[in-house]
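Structural features, examined
As a plain string of letters, each chain reads:
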Amino acid sequence: GAVVSQHPSRVICKSGTSVKIECRSLDFQATTMFWYRQFPKKSLMLMATSNEGSKATYEQGVEKDKFLINHASLTLSTLTVTSAHPEDSSFYICSARTAGPTGAFFGQGTRLTVV
Amino acid sequence: GENVEQHPSTLSVQEGDSAVIKCTYSDSASNYFPWYKQELGKRPQLIIDIRSNVGEKKDQRIAVTLNKTAKHFSLHITETQPEDSAVYFCAASILSGNKLVFGAGTILRVKS
């Protein structure tokens, strides 16, 4: 299957700082990338959808100024958690899809801990 | 928008028995239904998927069935093994390349 690489896998940051998470499709061009947040023992909550070269579409209740998404190329999307607070601590996962009715392939996820 | 419900939330089976997880979806326009397996702290892995023009698909011990009329689809795992223990998510997609809407997940425990 297709490979999606996400970095970093773990990050600890101080409250008030910003953290950038990268998501790369390594062997295919991802027309669309998705960012999810997952709480312990819970499902994947879609935060936003990003298409290369256009603004991200955020789900209801997700603050676009807090979770900045940039999809600069067909192989790279970034999520920046700005002014992080302890309640932002979570597991963030990206996924990428190609055009056509195919599955989404997930990155390894990033465990963010804000102290 | 699409809504996906998944049952049961937890499922314990004896090694060698079968496990069945069921999902329902709300939008009749959905045409793609993947299943993912997620182990603790790991990324979800696509294990099988089915498109709306097919009623059943099988891959070794795993099979998925789809009933478009009733808007539900199910995952069947036969001859379960301890390594099948994980969280399983179903999902539905309306359009190609569009977002997947996930079910709440099922924690499967296979007891040896």
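Preceding this section is the structure that the text describes.
**Notes on the interface of chain B and chain A**
Interface size is often expressed as the accessible area that is lost when the parts come together. Tallying the contact residues gives 20 residues for chain B and 24 residues for chain A. Together, the buried faces of chain B and chain A total about 1,700 Å²; carbon and sulfur atoms form 55% of this surface. There are one salt bridge connecting chain B and chain A. Ranked by the residues each element gives to the side of chain B that touches chain A, the list is headed by strand 4 (residues 32–38) of chain B, at three residues. Class assignment of the residues belonging to the side of chain B that touches chain A gives a composition of nine nonpolar, seven polar and four charged.

**Concerning the sheet that holds strand 7 (residues 67–73) of chain A**
Residue and element names in this part refer to chain A. Reading across the sheet, the four strands line up as 1-3-8-7 and stay open at both edges, with antiparallel pairing between neighbours. Across the chains shown, the open sheet's two edge strands, defined by having one partner strand only, are strand 1 (4–7) and strand 7. Neighbour to neighbour, the strand axes of the sheet diverge by 15 degrees on average, direction disregarded. With six bridges connecting them, strand 3 (residues 19–25) and strand 8 (residues 76–81) associate as antiparallel partners. When the bridges of strand 8 are listed, V19 appears paired with V81.

**What about the environment of A96 of chain A?**
All names here are of chain A. Topologically, A96 is positioned in strand 9 (residues 90–97). With a relative accessible area of 0%, A96 lands in the buried category. Sequence-wise, A96 and V19 are 77 residues apart; in three dimensions their C-alpha atoms are separated by 21 Å. With residues near it in sequence (within four places) discarded, A96 still touches V4, F28, A30, T32, M33, G103, A104 and F105.

**So, the environment of S9 of chain A**
Inspection of the secondary structure assignment puts S9 of chain A in the loop between strand 1 and strand 2 (10–13). Setting aside residues up to four positions removed in sequence, S9 of chain A forms contacts with G109, T110 and R111 of chain A.

**A few points about the pattern of salt bridges**
Overall, the coordinates contain seven salt bridges over all chains when judged by the stated rule. The network of salt bridges with shared partners includes D49, R51 and K57 of chain B.

**Things to note about the layout of surface pockets**
Approximately 540 Å³ is the volume found for the largest pocket. Around the largest pocket, the lining is made up of 24 residues, and of these P40, K41 and K42 of chain A together with L40 and V87 of chain B lie nearest the centre. Mapped onto the lining of the largest pocket, the elements with two or more residues apiece are strand 9 (86–93) and strand 11 (106–111) of chain B. In terms of residues, the lining of the largest pocket owes the most to one element, strand 11 of chain B, which gives four residues. When its residues are assigned to classes, the lining of the largest pocket shows ten nonpolar, eight polar and six charged. There is about 240 Å³ of room inside the second largest pocket. Looking at the second largest pocket, it is lined by 14 residues, and the ones nearest its centre are L44 and L46 of chain A together with E2, V101 and F102 of chain B. Elements represented by at least two residues in the lining of the second largest pocket include exactly strand 5 (44–51) of chain A together with strand 10 (100–102) of chain B.

What counts and how
Residues numbered from 1 in each chain as written. Chains lettered and ligands numbered in written order. Predicted model: local features only at pLDDT ≥ 70, side-chain atom pairs only at ≥ 80, totals over all residues. Heavy atoms only, no water. Contact = heavy atoms within 4.5 Å. Buried area = accessible area lost by both parts, 1.4 Å probe. Salt bridge = Lys/Arg side-chain N within 4 Å of Asp/Glu carboxyl O. Helix = DSSP H or I, 4+ residues; strand = E, 2+ residues; numbered from the N terminus. Nonpolar A, V, L, I, M, F, W, Y, C, P; charged D, E, K, R; others polar. Pairing = 2+ DSSP bridges. Axes fitted to C-alpha atoms, helices over the stretch in contact; angles between N-to-C directions. Buried < 20%, exposed > 50% of the residue type's maximum accessible area, 1.4 Å probe, protein only. 1 Å grid on protein atoms, 1.4 Å probe; cavity = no way out; pocket = protein on both sides within 12 Å on 5 of 7 lines; lining within 4 Å. Points joined across faces, edges and corners; volume = space filled by probe spheres on them.

Functional significance is not addressed by these values, which are geometric in nature.
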